[in-house]
Amino acid sequence: MSKAFCSRSCKENYFQLIAIQIPKLFLKRIYVFCSKEEREKEIANFAARHKWRLDLLKNKIEDEAIKMGYIKDPNA
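Residues numbered from 1 in each chain as written. Predicted model: local features only at pLDDT ≥ 70, side-chain atom pairs only at ≥ 80, totals over all residues. Heavy atoms only, no water.

S.K.: I would appreciate a short explanation of the overall build of the chain in the present structure.
M.R.: When helices and strands are counted, the chain shows four helices and zero strands. The order of helices and strands in the chain, counted from the N terminus, is α-α-α-α. Within the chain, counting contacts between residues at least 6 apart in sequence, those at least 24 apart form 53% of the total. A total accessible area of about 5,800 Å² is found for the chain, and carbon and sulfur atoms account for 54% of it. Here the chain contributes 16 positive and 10 negative side-chain charges, whose respective centroids are spaced 6 Å apart. (Helix = DSSP H or I, 4+ residues; strand = E, 2+ residues; numbered from the N terminus. Contact = heavy atoms within 4.5 Å. Areas by Shrake-Rupley, 256 points an atom, 1.4 Å probe, with all protein chains shown as cover. Lys, Arg positive; Asp, Glu negative; His and termini not counted. Charge placed at Lys NZ, Arg CZ, Asp CG, Glu CD.)

Okay, structure coming up:
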């Protein structure tokens, strides 16, 4: 298994990204009821509470928000 990843940090990032679960109600709350500043604070609190890396959590939230239709895909 160690040969499948280019580095230890790559392996840790991969498994942490898999572990991150974003509740649909949390997404709705931060995209419907929160301003951009409040959203950033809520995401930071969520990351700290679950001991997840903030950058990975933001990427996962953005992906889920695109799937749920809260934001548009910037690459499309």
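Here the narrative resumes.
S.K.: Where do I start with the nonpolar core in this structure?
M.R.: Note on soluble globular proteins: their nonpolar side chains tend to be buried together. Ile22, Leu27, Ile30, Leu57 and Ile61 are the most contacted members of the largest nonpolar core, which totals 14 residues. At the level of secondary structure, the elements contributing two or more residues to this core comprise α2 (24–33), α3 (36–50) and α4 (54–68). Leave out the neighbours within four places in its chain, and Leu27 touches Ile22, Ile61, Glu64, Ala65, Met68 and Tyr70. (Core = buried A, V, L, I, M, F, W, Y, C linked by side-chain atoms within 4.5 Å. Buried < 20%, exposed > 50% of the residue type's maximum accessible area, 1.4 Å probe, protein only.)

S.K.: Would you take a moment to explain the packing of α3 against α4 for this structure?
M.R.: Packed helix pairs are characterised by how far apart their axes lie and by the angle those axes make with each other. Their axes nearest at 10 Å, the elements α3 and α4 cross at an angle of 120 degrees. Between α3 and α4, the crossing angle belongs to the class labelled oblique. In terms of crossing hand, the pair formed by α3 and α4 is right-handed. Facing α3, whose interface residues are Glu40, Ile43, Ala44, Phe46 and Ala47, α4 presents Leu54, Leu57, Lys58 and Ile61. Broken down by class, the residue content of the contact of α3 with α4 amounts to seven nonpolar, no polar and two charged. (Axes fitted to C-alpha atoms, helices over the stretch in contact; angles between N-to-C directions. Parallel < 35°, antiparallel > 145°, perpendicular 65-115°, else oblique. Left-handed = near helix turned anticlockwise from the far one by under 90°. Nonpolar A, V, L, I, M, F, W, Y, C, P; charged D, E, K, R; others polar.)

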